[in-house]
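Here are the chains, one letter per residue:
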Amino acid sequence: MEKKLVLIDGNSIAYRAFFALPLLSNSKGVHTNAVYGFAMMLNKIVKDEQPTHILVAFDAGKTTFRHETFKEYKGTRQKTPPELSEQFSYVRELLKAYGIPYFELENYEADDIIGTLSLKAEQEGVMVKVYSGDKDLTQLATEKTTVCITRKGITDIEEYTPEHVLEKYGLTPLQIIDMKGLMGDASDNIPGVPGVGEKTAIKLLKQFHSVEQLIESVEQVSGAKLKEKLTEHKDMAVMSKQLATILRTVPLDLAIERLVYKGADDDELYDLYRDLEFKTLLEGIQRTGEPEQVTDVSFTIVTEPEAAHFKQADAVYVEMMDVNYHKAPIAGISVSGDGQTIFMPGETAVSSLAFKEWAENQSARKTVFDAKRTVIALRRHGIEIAGVDFDVFLASYLINPSESPEDFAAVAKLHGETGIASDETIYGKGAKRALPAEETYAKHVSAKAEALSRLDETCRHELSENSQNELFDELELPLALILADMESEGVRVDINRLNEMGTELKKRLAEMEKTIHTLAGTEFNINSPKQLGVILFEKLGLPSLKKTKTGYSTSADVLEKLAPSHEIVQHILDYRQIGKLQSTYIEGLLKVADPDTRKIHTRFNQALTQTGRLSSTDPNLQNIPIRLEEGRKIRQAFIPEKGDSVMFAADYSQIELRVLAHISRDEKLIDAFKQGLDIHTATAMEVFHVEESGVTSNMRRQAKAVNFGIVYGISDYGLSQNLGITRKDAAQFIDRYLNTYPGVKEYMDTIIREAKEKGYVTTLLNRRRYIPEITSRNFNLRSFGERTAMNTPIQGSAADIIKKAMIDVAERLEKEQLTSKLLLQVHDELIFDVPKEEIDQMERIVPDVMEHAFELDVPLKVDYSFGPTWYDAK
DNA sequence: GGGGGCACGC
DNA sequence: GACGTACGTGCCCCCC
């Protein structure tokens, strides 16, 4: 087989990886981005090149022979960041595991080792590929040697053959050295000739071929200034060329034969990746030993459950094949405790009196995984589970919301239970997902239940280390049960109304489509941004203002700017708006409404967002249109269950800004709320130094946008986009705001400092969010981290408060024996189904309970309204 | 089946 | 040298 040698510039690739990736670290706090990037690069190289021989060369020590020529060589280099230095030992371990030899030599750079070996290889007739992030190495390109330089990121590379060098620079690879000699290199502190850049260097070399010939014929150089510079600095040029020349005669005792690539030791690689927590890379490895060590579980399949089976039980796991627990059948249930685990097929379990009795027994305490899901699944079979006192899924989310584990196994692993197989290995994924033989999944479900009864203690401990026991016991777990009630209750929709609206919209869409096609002069798919882009920017010749990764941007903000230029644009905007209503809301809602009950049962995800908010899926009932009247009408389809009830909506007014006033203790902001002022107007008055009567609508609009920015933690860029102003002006605005509210500024500074020290921020009720980005040297990442630190306590505390309000309201409804039902939560708003005769009471109770869910230094204010449909509750 | 573009809410 | 901008969900298109 033909030999192929790959030579890798180790320092350069590690640097590249380090700066191309965010500052990742594993749970032990070890920085891993450079190692991770390096590993990705090796994967790619081994796969693409299939080398027979390979070597990674490293730079050794600080000084090299080049420093004898020029002691300031690389003198301007910044010190290697410690976060990178500490990763080199792992890179070496990675290479060992990969079976790749590596080498460094005192007094020489990696380039020189590579140059020497590539020359040696060529002489032996071996093909060579060189990998580096440093373009200087392109001087090594020959017929036998290709130099691969990283372009951007890690795995995007540009291959330099002599032809490519010629094409790109108009020079031979060796002339690259002359080019460097003339133009210098700031990063290596190679001086070159002042005033000569890449363009001039190339021009000169095309005429004179080399630095030496140029100096000889310097008289022929056109341009007096240039001639003078060249004459004056000719020694500099010669020295710079010398510095830029890769040495190809390093005294190496390293035969090519010793660089044979033997392939990776997968076990070693596995251990390393596991320690570093490279989950994605782990998946790519097949271990020779134990592939996925699944702990053995002892369990019994029970077809006739008896009370005795549940005597010691303290954990239960309900398995369903579909994520939608409102519909999915129960495949099986395992119950575990005190070393005993039983599995019951779904049918058996839900029809078992013994199981029902245990499940409904309040004093039989149970640990579950996702209480809401468990409650609803069992409720659908007439079982009201009680005594749930721990939820591993919820606890894990509180301990660290950023983990976003995929399934039970991943959650378990986070807390030390490594022996559970992933759902994907047992059931498969996508279209292939299916129940395997009973014995197989019975074991899997049992393993989960068994792990649950152990995870209880571990997670409890982790919660108490975070001081989150109360958050769990008093807020999230009770909330899970309330959300379960809300979801099971569902919201009734007026299917006829949706159908009517659908018919109407469909008609309008057809007309609009015709108009747009006529104006375009051709038929095309308006929903395809690609086709639309061609029509607008090529056929109609409108100016393309913004690009996306794949082509022209046709987003609303772009189209709005183009609207005056061509009639078609407004039609497209309208078409988009109506199309959205039709597909997402009309058709989408009709699809998920139960035809028998006419109800919609969303699922609130309680363990997803980084801030503690809920999210809603299938359908998302937290983004039903309201801003534009056309869309708002969708809300007419949301109605109470019974004819003479009303939809009752109560929302917090400015809850986030009130939270901000509270946690920042800013006097002006607190005063404004205490006086009951319109906060945007008050902000405008303060920021623009005017009386209330002097606040123009534009001033209020800008103040509102800044307040919005504060609440959502947007950047100056984001604010500039919102207001259609420059980033500079936006930044100035934010500055002015912060100077107006010194308490807020103080808070922002303090919270950022705290986040940097502790690595996380917390909310009023001790919800936690880790912000590793905040120490990044990457400006964008760090800025993002800082905004997150400022914003999360605000948004998260607001989320805490409304969750607390939901619990208080539910308790109060129970106590007063009201039949009104809480149906939905939309971040700062609660929506109820209220029978007519309870309206008076609800008007008194709901705002009051919400306003006193949590005492802040400013009052909480709640507005409410009700009517025959959600639309009317405005 | 998955990624990208776009649009809806807070 | 990096390169991305509050979050989350869902629809459609388009490519593999």
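Numbering of residues starts from 1 in each chain and follows the order in which that chain's sequence is written. Ligands are numbered from 1 and chains lettered from A, in the order in which they are written. Selection of residues for local features in this predicted model requires a pLDDT of at least 70, selection of side-chain atom pairs for listing and counting requires 80 or more, and totals for whole chains, interfaces and linings are taken over all residues. Just so you know, side-chain values use all the structure's heavy atoms and leave hydrogens and water out.

Chain A is annotated in an unreviewed UniProt entry as DNA polymerase I of Domibacillus iocasae. According to the UniProt record, the Catalytic activity (unreviewed entry) comment for chain A reads "DNA(n) + a 2'-deoxyribonucleoside 5'-triphosphate = DNA(n+1) + diphosphate". UniProt positions are given in the numbering used here, feature names are shortened, and annotations may be inferred rather than shown by experiment.

Participant: How do you make sense of the overall build of chain A when you look at a structure like this?
Facilitator: The secondary structure content of chain A amounts to 36 helices and 23 strands. A total of 874 residues make up chain A; the buried ones form 52% of that total. Contact criterion: two residues are considered in contact whenever any of their non-hydrogen atoms come within 4.5 Å of each other. Partitioning the contacts of chain A with sequence separation of at least 6, the portion at a separation of at least 24 is 67%. As displayed, chain A has an accessible area near 40,800 Å², and 49% of this comes from carbon and sulfur atoms. The charged-residue count follows a simple rule in which Lys and Arg add positive charge and Asp and Glu add negative charge, with His and chain termini not counted at all. Charge placement uses NZ in Lys and CZ in Arg. For Asp and Glu, CG and CD serve respectively. Taking the average place of the 106 positive charges on the side chains of chain A and the average place of its 136 negative ones, the gap between the two points comes to 5 Å. Strands here mean DSSP runs of E at least two residues long; helices mean DSSP runs of H or I at least four residues long; both are numbered from the N terminus. Working definition: with a 1.4 Å probe on protein chains only, accessible area under 20% of the residue-type maximum means buried, over 50% means exposed, and in between means partly exposed. Residue burial considers only the protein chains on display, and all accessible areas are found by Shrake-Rupley using a 1.4 Å probe.

Participant: Sorry if this is basic, but what is going on with unusual backbone geometry here?
Facilitator: Trans peptide bonds make up most of the peptide bonds, and negative phi angles are found at most residues other than glycine. Looking along the chain, the bond that leaves D618 and enters P619 is cis, with omega of 5°. Take P619: it is sitting in the loop between β16 (615–617) and α27 (629–632). Here S467, not a glycine, exhibits a phi torsion of approximately 55°, which is positive. Looking at the secondary structure, you find S467 in the loop between α21 (438–465) and α22 (469–489). The residue R665 is not glycine, and still its phi comes out positive at about 55°. Inspection of the secondary structure puts R665 in the loop between α28 (655–664) and α29 (667–674).

Participant: Is there a simple way to explain the domain arrangement of chain A in this structure?
Facilitator: As a measure of interface size, the accessible area lost when the parts come together is often cited. Along its sequence, chain A is organised into domain 1 (1–163 + 255–287), domain 2 (174–247), domain 3 (300–461) and domain 4 (663–797). Residue ranges assigned to each domain were obtained from an automatic or database domain assignment. For domain 3 versus domain 4, the distance between C-alpha centres works out to 43 Å. Every contact between the two is made by 5 residues of domain 3 and, on the other side, 4 residues of domain 4. Here's the idea: put two parts together, see how much 1.4 Å probe accessible area each one loses, and the total over both is what we call buried area. Both sides of the domain 3 and domain 4 interface together cover about 310 Å² of buried area, and 52% of this is carbon and sulfur. N or O atoms within 3.5 Å of each other form a polar contact, as long as, within protein, one can give a hydrogen and the other can take it, and as long as residues adjacent in sequence are counted only when both atoms are side-chain atoms. Our enumeration of links across domain 3 and domain 4 arrives at 0 residue pairs in polar contact (both at pLDDT 80 or more). Note on residue classes: Ala, Val, Leu, Ile, Met, Phe, Trp, Tyr, Cys and Pro are nonpolar, Asp, Glu, Lys and Arg are charged, and everything else, Gly too, is polar. Counted by class, the side of domain 3 that touches domain 4 contains 4 nonpolar, 1 polar and no charged residues.

Participant: It is not clear to me how the sheet that holds strand β17 (residues 638–639) should be interpreted in this structure. Could you clarify?
Facilitator: Note: strands within a sheet are paired through backbone hydrogen bonds, in either parallel or antiparallel orientation. Strand order across the open sheet formed by 3 strands is β14-β13-β17, with antiparallel pairing between neighbours. The sheet is open, and its two edges are formed by β14 (599–600) and β17, each paired on a single side. Here, strands pair whenever DSSP counts at least two bridges between them. Bridge count between strand β13 (residues 491–493) and β17: 2 bridges; the pairing is antiparallel. The residue of β17 that forms the bridge with V493 is F638.

Participant: Any chance you could explain the protein's contact with DNA strand B here in plain terms?
Facilitator: Neighbouring residues of DNA strand B: 25 residues in total, closest T554, R576, N623, I626 and R627. Separating a phosphate oxygen of DNA strand B from a side-chain N or O atom of R627 is a distance of 2.8 Å. With 4 residues, the top contributor of residues to the surface near DNA strand B is helix α26 (residues 567–592). The nearness test applies per residue and asks whether one of its heavy atoms lies within 4 Å of the molecule or strand.

Participant: Help me understand the sheet that holds strand β18 (residues 645–653), please; the structure alone is not making it clear to me.
Facilitator: What the 4 strands build is an open sheet, ordered β21-β22-β18-β23; its pairing is antiparallel. Every interior strand has two partners, whereas the edge strands, β21 (821–825) and β23 (861–867), have only one. The average angle at which neighbouring strand axes cross in this sheet is 25°, direction not considered. In this structure, β18 lies alongside β23, joined through 7 bridges in antiparallel fashion. Paired with F648 across the strands is F866, a residue of β23. Every angle, taken between N-to-C directions, lies between 0 and 180 degrees, and every axis is a line fitted to C-alpha atoms, over only the stretch in contact when it is a helix. The sheet strands contacting helix α36 (residues 839–851) are β18, β22 (829–835) and β23, and the helix crosses β23 at an angle near 155°.

Participant: Got a minute to help me understand the environment of V744 in this structure?
Facilitator: By the secondary structure assignment, V744 is in helix α34 (residues 742–758). With near-sequence residues (within four places) excluded, V744 lies in contact with L660, S664, D666, L669, Y737 and L738.

Participant: Is there a simple way to think about helix α5 (residues 88–98) in this case?
Facilitator: Think of an α-helix as turning once every 3.6 residues; residues three or four places apart then point the same way. Of all the residues in α5, the buried ones are F88, V91, L94, L95, A97 and Y98. Lining the buried residues of α5 we find α1 (10–20), α2 (33–49), β2 (53–58), α4 (82–85), β3 (102–104) and α13 (266–276). Trailing α5 by a residue or two, G99 shows a phi angle of about 70°, which is positive.

Participant: What exactly am I supposed to notice about the packing of aromatic side chains here?
Facilitator: What characterises a pair of aromatic rings is the spacing of the ring centres plus the angle enclosed by the ring planes. For Phe, Tyr and Trp, where Trp contributes only its six-membered ring, two rings pair if their centres lie within 6.5 Å, and the inter-plane angle classes them as stacked under 30 degrees, edge-to-face over 60, or tilted in between. Using the criterion set out here, one finds 21 aromatic pairs in the structure. For the pair F688 and F733, a centre-to-centre distance of 6.0 Å together with 85° between the ring planes defines the contact as edge-to-face. With F688 in helix α30 (residues 679–688) and F733 in helix α33 (residues 727–740), this residue pair connects regions lying 45 residues apart in the sequence. A ring is scored as having a charge over it whenever the NZ atom of a lysine or the CZ atom of an arginine sits within 6 Å of its centre and within 35 degrees of its normal. In this structure, R92 is placed above the aromatic ring of F58, and the distance from its NZ or CZ to the ring centre is 4.6 Å. Positioned over the ring face of Y325 is R603, at 5.7 Å from the centre of the ring.

Participant: Can you walk me through the protein's contact with DNA strand C in this structure?
Facilitator: Near DNA strand C, the surroundings consist of 29 residues, among which F19, S528, K530, D618 and N780 are the closest. Here a phosphate oxygen of DNA strand C sits 2.9 Å away from a polar atom, N or O, in the side chain of R16. Between DNA strand C and the protein, one listed contact pairs a base oxygen with a side-chain N or O atom of S715 at 3.4 Å. For the surface near DNA strand C, the class distribution of residues is 7 nonpolar, 16 polar and 6 charged.

Participant: Please clarify how the pattern of salt bridges should be interpreted in this entry.
Facilitator: Once the charged atoms of two side chains with opposite charge are near each other, the side chains can pair. For salt bridges, the criterion is a side-chain nitrogen of Lys or Arg within 4 Å of an Asp or Glu carboxyl oxygen. Scanning the entire structure with this criterion turns up 42 salt bridges. As a salt-bridge pair, E319 and K448 come within 3.1 Å of each other at their nearest N and O atoms. Of this pair, E319 sits in strand β8 (residues 315–320) while K448 sits in helix α21, and the two are 129 residues apart along the sequence. One exposure class covers both E319 and K448, and it is buried. With a closest N to O distance of 3.1 Å, R497 and E500 form a salt bridge. Residue R497 and its partner E500 are both found in helix α23 (residues 495–520); the two are separated by 3 residues, about one turn of the helix.

Participant: Help me out: how do you make sense of the packing of α22 against helix α35 (residues 779–815) in this one?
Facilitator: The geometry of a pair of packed helices is captured by two quantities: the angle between their axes and the separation between those axes. Where α22 contacts α35, the axes come no closer than 9 Å and their chain directions differ by 65°. In terms of crossing hand, the pair formed by α22 and α35 is left-handed. In this structure, α22 contributes E474, L475, E476, P478, L479, I482, L483 and M486 to the contact, and α35 contributes D800, K803, K804, M806, I807 and A810. For the contact of α22 with α35, the residue count by class is 9 nonpolar, no polar and 5 charged. Each crossing gets its hand from how the near helix is turned against the far one by less than a right angle, where anticlockwise is left-handed and clockwise is right-handed.

Participant: What's the story with the pairing of β22 in this structure? I'm lost.
Facilitator: The side chains of a regular strand alternate, first on one face of the sheet and then on the other. Where burial is concerned, most of β22 is hidden: 7 out of the 7 residues are buried. The alternating pattern of β22 places E829, I831, D833 and P835 on one face and L830, F832 and V834 on the opposite face, and all of these are buried. By the bridge criterion, 7 bridges tie β18 to β22 in an arrangement that is antiparallel. Opposite F648, over in β22, you have F832 as the bridge partner. As judged from the 4 bridges shared by β21 and β22, these two strands associate in the antiparallel manner. Directly across from L824, in β22, lies its bridge partner I831. The turn joining β21 and β22, which pair antiparallel and follow one another in sequence, is formed by 3 residues; a positive phi near 70° is taken by H827.

Participant: Hey, could you run me through the packing of α28 against α35 in this one?
Facilitator: Relative orientation of the contacting elements α28 and α35 amounts to 110°, with a least axis distance of 9 Å. On the basis of their axis angle, the class for α28 and α35 is roughly perpendicular. Seen from above, α28 lies across α35 with right-handed handedness. Where α28 abuts α35, its residues I655, E656, V659, L660 and I663 lie against P793, I794, Q795, S797, A798 and I801. In terms of residue class, the contact of α28 with α35 is made up of 8 nonpolar, 2 polar and 1 charged. Here the word oblique covers every angle except those under 35 degrees (roughly parallel), over 145 (roughly antiparallel) and from 65 to 115 (roughly perpendicular).

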